[in-house]
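# Residue-level structure breakdown
What follows is each chain in one-letter form.
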Amino acid sequence: MTEPKIRIENISYAYDGAPALRNISLEVQPNTITVFFGPAGGGKTTLLRLINRLNDLVENTKIEGRILLDGQDIYAPGVDVSQLRRKVGMVFALPLPLPGTLRENVVYGPKRAGVRDVRRLVEITERSLTQAALWDEVKDRLDSPASALSGGQQQRLCIARSLALEPEVLLLDEPTSGLDPISTGKVEAALQEAKKNYTIIIIPHSIQQAARVADYAAFFLMGELIEYRRGREIFTTPRDKRTEDYVTGRFG
Amino acid sequence: MPRKTFELELAQLETEMLTMAAQVENALTEAVDILERRDMDAARALIARDHDINAQRFAIEAQCLVVVATQQPMASDLRVVAAILFNVNELERIGDYAKGIAKINLLIGPGPLLKPLVDIPRMAELTRSMLHRAIDAFVRRDVALARVIPAEDDQVDALFEQVNHDLIQMIIADPSVTRQANLLTWAAHNLERAADRVTNLCERVIFTVTGELIELDTDEASPLE
């Protein structure tokens, strides 16, 4: 195996003294899609947010352990959180395009990061939309309002917006939960394309999606990491009885 | 039980496979019994019954696809469905071997056999018993049983070599028996192949339980397969 892109070391996390994650350790390989899955309340979203330090401002929480990105502790003193978030992009369940045109959405991040060269912004727009598998559908209407896009297109626009900053890691929390199967298929295709350049962690909205996209899959249950293996193994021959019960739908 | 319909559908698939296996088992021993009795009508009836076995196989296959499409089985459930799909194919082929013996019976015609059959009925009974226990092992998810059955294939192979040897001796002694001796060798060969397929069924028991696909073939020294 190559050097992991992300190394999660003995992470424990609690909200108001209630443990949400218990001693989680796992390594995320570069240029793969890693799936966090499991029943609600298992800790998968919490862990995803910790990788982006989205919980920094949540009060009464306690984090133990380390999260390393390329070997650097992202919680070390002096780490610039906005720099971290340039490297680690996040896409949420509900697509939230910014007011404005498609083009404005895509170049918003790069512009704020100081890119002024128009030719460069045009390149970024095409590259990001292509990587998000949206370019062919929208290339002739880049200056129309983003709100006019379908839900599936809006979600791919949000992925493109994240990719415009050329992050190294892309985190997605149920990115297709509100989409129809065709849009979902397009988003999944976009992720398969994007993993060539990025490291992707996704919380899928169903086991079937988990099985479709996972290079690696981590099963979380009540704050514990139960099983973490190659996707094609975990969905055909899980080792842990609890994983088996969950993926076969006999959980509970 | 959170997936009651699915549980029922899986159980139904298994029951249908069992029904099919029972028919195939019967066909195997019956084919040899009919051969001994020189019963042409019964041979024709057995050949006709093979269509039912084939139809069952297609029906189970179709039902497996419905279960996959509607229930999206995963993990051990998925392996059960995959194993049933595989098993019905093997069972159908074993049924074809039985049908083949019935056809040989017709080719030999109503006259007497060269000699009373001794080893061929023993092959049929051994193979039937192996098949019965292999299916039992599947139903009970009994890996230990599945592991021991394939070793018995060596006995079937040894009997086949004995039959072959005896019939060649008869041909050498009297070349006019060549045609029937050849046909009887084919009948024995069908049984030998049927027993080999039982080994495949045993491998699927292990796959169903553990997810591992391993070969249980024991007679690597044999020139036959």
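## What to know about unusual backbone geometry
Here N23(A), not a glycine, exhibits a phi torsion of approximately 50 degrees, which is positive. Residue placement: N23(A) occurs in strand 2 (residues 18-28). For A75(B), which is not glycine, the phi dihedral falls at a positive 50 degrees. Looking at the element boundaries, A75(B) is found in helix 3 (residues 75-108).

## Some thoughts on the pairing of strand 4 (residues 61-69) of chain A
Residues and elements named next belong to chain A. The pairing of strand 1 (residues 6-15) with strand 4 spans eight bridges and is antiparallel. Across the sheet, the residue bridging to Y13 is I63, located in strand 4. Hairpin remark: strand 4 followed by strand 5 (residues 72-73), antiparallel, with two residues in the connecting loop; positive phi at D70, about 50 degrees.

## As for the sheet that holds strand 3 (residues 33-37) of chain A
Strand pairs in the sheet, formed through backbone hydrogen bonds, run parallel or antiparallel to each other. Residues and elements named next belong to chain A. The six strands lie next to each other as 6-7-8-3-9-10, forming an open sheet whose pairing is mixed. Lying at the two open borders of the sheet, with one neighbouring strand each, are strand 6 (88-91) and strand 10 (224-230). Strand-to-strand, the axes of this sheet are offset by a mean angle of 15 degrees, without reference to chain direction. Sheet topology places strand 3 next to strand 8 (residues 199-203); three bridges connect them, and they run parallel. Looking at the pairing, V35 lines up with I202 of strand 8. Helix 7 (residues 181-194) rests against strand 3, strand 7 (169-173) and strand 8 of the sheet, and its axis sits at about 150 degrees to strand 8.

## Digging into the interface of chain A and chain B
Opposite the 14 residues of chain A that make contact, chain B presents 14 residues. Carbon and sulfur atoms make up 53% of the surface buried where chain A meets chain B, a total of about 1000 Å² over both sides. By the criterion of area lost to chain B, the three top residues of chain A are Q208(A), T248(A) and R250(A), representing 45% of everything that side buries. There are two salt bridges connecting chain A and chain B. Note that E7(B) is salt-bridged to R250(A), the shortest N-O span being 2.6 Å. The interface formed by chain A and chain B includes six residue pairs in polar contact (both at pLDDT 80 or more).

Parameters at a glance
- For every chain, the first residue of its written sequence is number 1, and the numbers climb from 1 along that sequence.
- Following the order in which they are written, the chains are lettered starting with A and the ligands numbered starting with 1.
- Where totals are concerned, whole chains, interfaces and linings use all residues; where local detail is concerned, this predicted model gives features only for residues with pLDDT of at least 70, and gives and counts side-chain atom pairs only at 80 or more.
- Neither water nor hydrogens contribute to the side-chain values; these are computed over all heavy atoms in the structure.
- Comment: elements are numbered from the N terminus, with helices defined as DSSP H or I runs of at least four residues and strands as E runs of at least two.
- When DSSP locates at least two bridges between a pair of strands, those strands are taken to pair.
- Axes here mean lines fitted to C-alpha atoms, for a helix over just the part in contact, with angles spanning 0 to 180 degrees between N-to-C directions.
- Residue contacts follow a heavy-atom distance rule, with two residues in contact if any of their heavy atoms lie within 4.5 Å.
- Two parts placed together each lose some accessible area; with a 1.4 Å probe, that loss summed over both constitutes the buried area.
- Whenever Lys or Arg places a side-chain nitrogen within 4 Å of a carboxyl oxygen from Asp or Glu, that contact is recorded as a salt bridge.
- Pairing of N or O atoms within 3.5 Å defines a polar contact, subject to two protein rules: one partner must be a possible hydrogen donor and the other a possible acceptor, and residues neighboring in sequence count only if both atoms are side-chain atoms.

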